[in-house]
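Report on the structure
Next come the chains, spelled out residue by residue.
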Amino acid sequence: MQPNNDTRSGRDTYRKHVWLRVLIVILLVGWMPATFAAWQTLGAVTQVTARADSVELSTRSGAHVRISFVSQDVLRIRMNPHGVFAADFSYALVHATPALIALKIDADTSGELLTIHTAGGDGLHVIVHKQPSLLIDVTDAQGNLIVSDDPARPMAFDTQNGAVETSKLRAAAELYYGFGEKALPLSRHQQYMTMWNSDTPRYAAGLDPLYQDIPFFVALHDGKSYGVFFDNTWRSYFDMGKTDPARYSFGAGGGELNYYVFAGGAERSPANVLRDYSELTGRGELPPLWALGYQQSRYSYTPQARVEEVARTFRAKKIPADVIYLDIDYMQGFRVFSWSERDFPAPEKMLRELHEEGFHAVTIIDPGVKLDDQYPVYRSGREQNVFTRNAAGEELHATVWPGQCAFPDFTDPHARQWWGGWYAKALQQGVDGFWNDMNEPATFPAPDSNQPILAHDAGKTFPLDARHAGDGQPGDHARYHNVYGMQMARATFEGLRTLQPQHRPLVLTRAGYAGVQRYAAVWTGDNVASWEHLALTIPMLTNLSISGVPFVGADVGGFVGSPSAELYARWLQAAVLTPFLRTHAEIGSNDREPWSYGQDFERINRATIELRYQLLPYLYTLFAQHAASGEALLRPLWFAYPRDVKTYLLDDQYLLGRDLLIAPVLHAGDIKREVYFPQGDAWRDWWSGQYYAGGSTVKIDAPIDRLPLFVRVGAIVPSQPVVQHTGEMSHTALILNVALGADGTSEIYQDAGDGYAYRSGDSRTTKISLHGDFLRLQIPHGTDFQRIATVEFIGLDATPARITADGKILHEVSFDKPTRRLRITLPAGSVDELALQR
Ligand code: GLC
């Protein structure tokens, strides 16, 4: 059969198609590197340039690596793919450029290896393998390996898109903690995590990333720790052995590979790692005392009469509270720095009355400024040129609560100053603190009824090519996204410091990056009223805490939905000893005040909040210790007991400071739970005085009205009688709770609770020590502080034969058998030593 014309032309077309396909493949292959990854390793070291405080390694690829020491225990490694280091600048660090110490280089005879160490030779050592591609090992002074580049994946960069990455060998059982705010298990080994601040309402366990990102972790292996801080604000990631359990990698979509390794001192302890990290990135300042009280919020208490009613009810029912929150509905059409004329016609009067009742008020302030030519904030922002611009150089507009908004560029110092000034009126009116929300930054994506809105929809933040001033280093949103929220909190904090230098600011922020602790408290966003979310608060908050952020909390009860009476009561117990304690609830959810669940639960919730107020002197001391040395307030158990393997994955208990162990009930219906007492210390039940040996697991009674709480044997924990708010504390005296059974020392910090007089010496630190049955007190003079009036010894079986204060027999004592507590009223005047003779 002759082929007809149609068939012939069909074949021709087919041939043409084949050629076209071949051409497309050729083109694609040639073009691929331009669009897909083109990773390149550094190659061999070609030149070593030694300076007094750094070593610069040039490599065959053109990339340069710079190694320096911040201290003998803190090493800095930078890699710039282009061989030209960008001006040194960091939003995370207290000082843009960390101070460096002198170093020395030793070369081996083959010339293949270089060893770099501090001039004194102590602490970390860096071993550089020069061939075939630069590899870096870090050891301690004795040569024990701490981190080691994976020879199968040497440091690399992407020649097309600017990405950078490094991979380290991973010991099989090495665990990783920290990473800021992650809804992930306690240890983040074998997890892949992204750092990209995201508005993720009703997030599920495992969703990543969330609102804040802190690219810092603490590793633990064989009881020893080290830390790594990857100071890169681009979208970054940590693959902690998920892709391959034998290595971990971290990298970012741009910028330098700029990271610090913390040895944790000679002890290689996690506490030392955190101390050194917080030395670099800063510590949280002492908050005002009122901010440590119980805080009540909902979206939204409105109108004004409802706010007043809630506050009055706390006082009428004698449930202690310090703060009430006003969510977005207090504003006029969600315009920041305004009041709704209809619902809050007399804010000054309301705020005055709240103050008279011992309340402080916090209002929400979002970054979006409503586009409205009649609105002074928008007009002024436009005139002052403070708003973020898009790639075309126009004011960037996006929709949030008020509708179309412009957004200050908080990476511009002028914009920060401008923003800070807007708080003046609210402060004059009597607002006490500010809550910065939606600052990931979050925007509402354009509605498309055919598409679901995904947790990480690109339309939920600024376009990546939006422009930022970057404090003198202009860059796009891809570079500065992760610091936007933190710089907003900074603008607020610095504004408040300028406007009210006599008060300590309270700023609460939802988004953050490393260093956010210098400016604000943080909470874990829109969690859910479920038992699963309650349990999640412990790994989330303890990891955030050891990421250098002291003032952390989660919405009590879960923001989304309505908790049952039992869930709310258990959540309040679990949270009552977390640093930031706030009940908050979404719009439309059931009432969620401590009295909203009937009388029995009202009694239970009151007692829970009372416990918070009793322990405030202890909590306040912990804040002072954090401010001085970066110590964590909330601690996962492994952090305090790194040699006790049983603590490594324990995620349903936590420590507050060194001395209190909290084991909340996290499951519906439970009235007992197992508690693990870490090895190395013994513990006593706070309520019964019962003794528990370290290393034991015990099933504890936990009826609905009881938070399982334990005090470390040898601890001296300050407390006080119940007060209705922190303003009443000065009328009370302190109680020392002494857990007998081991020797120990303790400190109590006191000051005015607000302002900065403490910085010029107006504070008091009392030192107390316990040796056997002797308690020694060193109480410096200072009359303005709560005096120590009572000592309660926990853990006695009977009244001792004799109790003396400075040798004189005391008679004002009482022994309570059910709680094993001996209560001693101290005589007026100073007491140096109390002695029990059994
Ligand atoms: C966001 C916040 C939430 C707040 C709400 C309204 O969802 O996370 O806390 O109540 O906005 O302002």
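Scroll up to find the structure.
Nothing here was measured: the structure is a model prediction, and the numbers come from that model.

Examining the sheet that holds strand E10 (residues 145-148)
Across the sheet, which stays open at both edges, the five strands sit in the order E6-E7-E8-E9-E10 with antiparallel pairing between neighbours. Edge positions in the sheet fall to strand E6 (103-107) and E10, since each of these pairs with one other strand and no more. Each neighbouring strand pair of the sheet contributes to a mean axis angle of 20 degrees, computed without reference to strand direction. The sheet contact formed by strand E9 (residues 135-139) and E10 spans three bridges and is antiparallel. Bridge pairing in E10 places Val138 opposite Val147.

Quick notes on the pattern of salt bridges
Under the defined criterion, the tally for this structure stands at 40 salt bridges. Of the charged contacts in the structure, one is a salt bridge between Arg776 and Glu833, with a shortest N-O distance of 2.8 Å. Residue Arg776 is located in strand E45 (residues 774-778), and its partner Glu833 is located in strand E51 (residues 833-837); the two are separated by 57 residues in the primary sequence. Arg776 gets classed as partly exposed once you look at its relative accessible area, which sits at 37%. Residue classification places Glu833 among the partly exposed positions, given a relative accessible area of 24%. Among the charged side chains, a salt-bridge network with shared partners connects Arg76, Arg78, Asp88 and Glu256.

Details of the nonpolar core
The biggest cluster of nonpolar side chains holds 162 residues, and the ones touching the most others in it are Phe229, Trp419, Leu656 and Leu660. Among the elements that line this core, the one with the most residues is helix H8 (residues 477-499), at nine residues. Formed by 44 residues, the second largest nonpolar core is a distinct cluster that contains Leu57, Leu75, Val138 and Val261.

As for the site of the ligand
Neighbouring the ligand are the residues Tyr299, Asp327, Ile328, Ile364, Trp401, Trp435, Asp437, Arg510, Trp523, Asp526, Phe559 and His584. Here Asp327 contributes a side-chain N or O atom positioned 2.5 Å from an oxygen atom of the ligand. At 3.0 Å, a side-chain N or O of Asp437 approaches an oxygen atom of the ligand. Tallied by class, residues from the shell around the ligand come to seven nonpolar, one polar and four charged.

Comments concerning helix H11 (residues 599-614)
Helix length check: H11, at 16 residues, gives a terminal C-alpha distance of 22 Å against a target of 22 Å (1.5 Å per residue), a fit within 8%. Along H11, the positions that sit buried rather than exposed are Phe601, Glu602, Ile604, Asn605, Arg606, Thr608, Ile609, Leu611, Arg612 and Tyr613. Each element contacted by the buried residues of H11 is listed here: helix H10 (565-575), helix H12 (616-629) and strand E40 (709-712).

Overview of the sheet that holds E40
Working definition: the strands of a sheet are paired by backbone hydrogen bonds and lie parallel or antiparallel to each other. The strand order E33-E34-E35-E40-E37-E38 describes an open sheet built from six strands, whose pairing is antiparallel. With one partner strand each, in any of the chains shown, strand E33 (634-635) and strand E38 (691-692) form the two edges of the open sheet. Sheet topology places strand E34 (residues 654-656) next to strand E35 (residues 660-662); three bridges connect them, and they run antiparallel. Within the sheet, the bridge partner assigned to Leu655 lies in E35 and is Leu661.

Some remarks on the packing of helix H3 (residues 304-316) against helix H4 (residues 347-356)
Between H3 and H4, the shortest axis-to-axis distance is 11 Å and the interhelical angle comes to 0 degrees. One finds that H3 runs roughly parallel with respect to H4. Taken together, the residues of H4 that come into contact with H3 (itself represented by Gln304, Val307, Glu308 and Ala311) are Pro347, Met350, Glu353 and Leu354. Here the contact of H3 with H4 is built from residues that sort into five nonpolar, one polar and two charged.

Quick word on the packing of H10 against H11
One way to put it is that H10 packs onto H11 with a least axis distance of 9 Å and a crossing angle of 10 degrees. With respect to each other, H10 and H11 are oriented roughly parallel. Two secondary-structure elements touch here, H10 through Ala565, Glu566, Tyr568, Ala569, Leu572, Gln573 and Ala575 and H11 through Phe601, Ile604, Asn605, Thr608, Ile609 and Arg612. Considered class by class, the residues forming the contact of H10 with H11 number eight nonpolar, three polar and two charged.

What about H8?
Maximum bend of H8: about 50 degrees, positioned at Val483. Burial analysis of H8 places 19 of its 23 residues in the buried class, the great majority of the element.

A word on unusual backbone geometry
Along the chain, Asp208 connects to Pro209 via a cis peptide bond; the corresponding omega equals 0 degrees. For Pro209, the position within the fold is in the loop between strand E14 (192-195) and strand E15 (213-221). In this structure, Pro303 follows Thr302 across a cis peptide bond, with omega equal to 0 degrees. The phi dihedral of Asp806 falls on the positive side, at around 50 degrees, and the residue is not glycine.

Comments concerning the side chain of Gln487
Here Gln487 shows up in helix H8. The buried category is assigned to Gln487, whose relative accessible area is 0%. Sequence-distant contacts of Gln487, that is, excluding residues within four places in its chain, are made with Tyr91, Phe410 and Arg416.

Remarks on the packing of aromatic side chains
Tallying each qualifying case throughout the model produces 55 aromatic pairs. Taken together, a centroid distance of 5.0 Å and an interplanar angle of 85 degrees make the contact between Phe337 and Tyr423 edge-to-face. Linking Phe337 in the loop between strand E21 (323-326) and H4 with Tyr423 in helix H7 (residues 423-429), this pair joins segments that are 86 residues apart in sequence. Look at Phe410 and Trp419: their rings are 5.2 Å apart centre to centre, the planes differ by 85 degrees, and that puts the pair in the edge-to-face class. Classification of Phe410 as buried rests on a relative accessible area of 0%. Grouped by ring-pair contacts, the aromatic residues Phe337, Tyr378, Phe387, Phe407, Phe410, Trp418, Trp419, Trp422, Tyr423, Phe434, Phe462 and Tyr484 constitute a single cluster. The lysine or arginine in question, Arg235, covers the ring of Trp196, its NZ or CZ lying 4.7 Å from the ring centre. One Lys or Arg, Arg335, reaches over the ring of Tyr375 and ends 5.9 Å from the middle of that ring.

Scoring rules and cut-offs
- Residues numbered from 1 in each chain as written.
- Predicted model: local features only at pLDDT ≥ 70, side-chain atom pairs only at ≥ 80, totals over all residues.
- Heavy atoms only, no water.
- Pairing = 2+ DSSP bridges.
- Helix = DSSP H or I, 4+ residues; strand = E, 2+ residues; numbered from the N terminus.
- Axes fitted to C-alpha atoms, helices over the stretch in contact; angles between N-to-C directions.
- Salt bridge = Lys/Arg side-chain N within 4 Å of Asp/Glu carboxyl O.
- Buried < 20%, exposed > 50% of the residue type's maximum accessible area, 1.4 Å probe, protein only.
- Core = buried A, V, L, I, M, F, W, Y, C linked by side-chain atoms within 4.5 Å.
- Near = heavy atom within 4 Å.
- Polar contact = N/O pair within 3.5 Å; in protein donor to acceptor, adjacent residues only side chain to side chain.
- Nonpolar A, V, L, I, M, F, W, Y, C, P; charged D, E, K, R; others polar.
- Expected span 1.5 Å × (residues − 1).
- Contact = heavy atoms within 4.5 Å.
- Parallel < 35°, antiparallel > 145°, perpendicular 65-115°, else oblique.
- Bend = angle between axes of the 7 residues up to and from the residue.
- Phe/Tyr/Trp six-rings, centres within 6.5 Å; stacked < 30°, edge-to-face > 60°.
- Lys NZ or Arg CZ within 6 Å of the ring centre and 35° of its normal.

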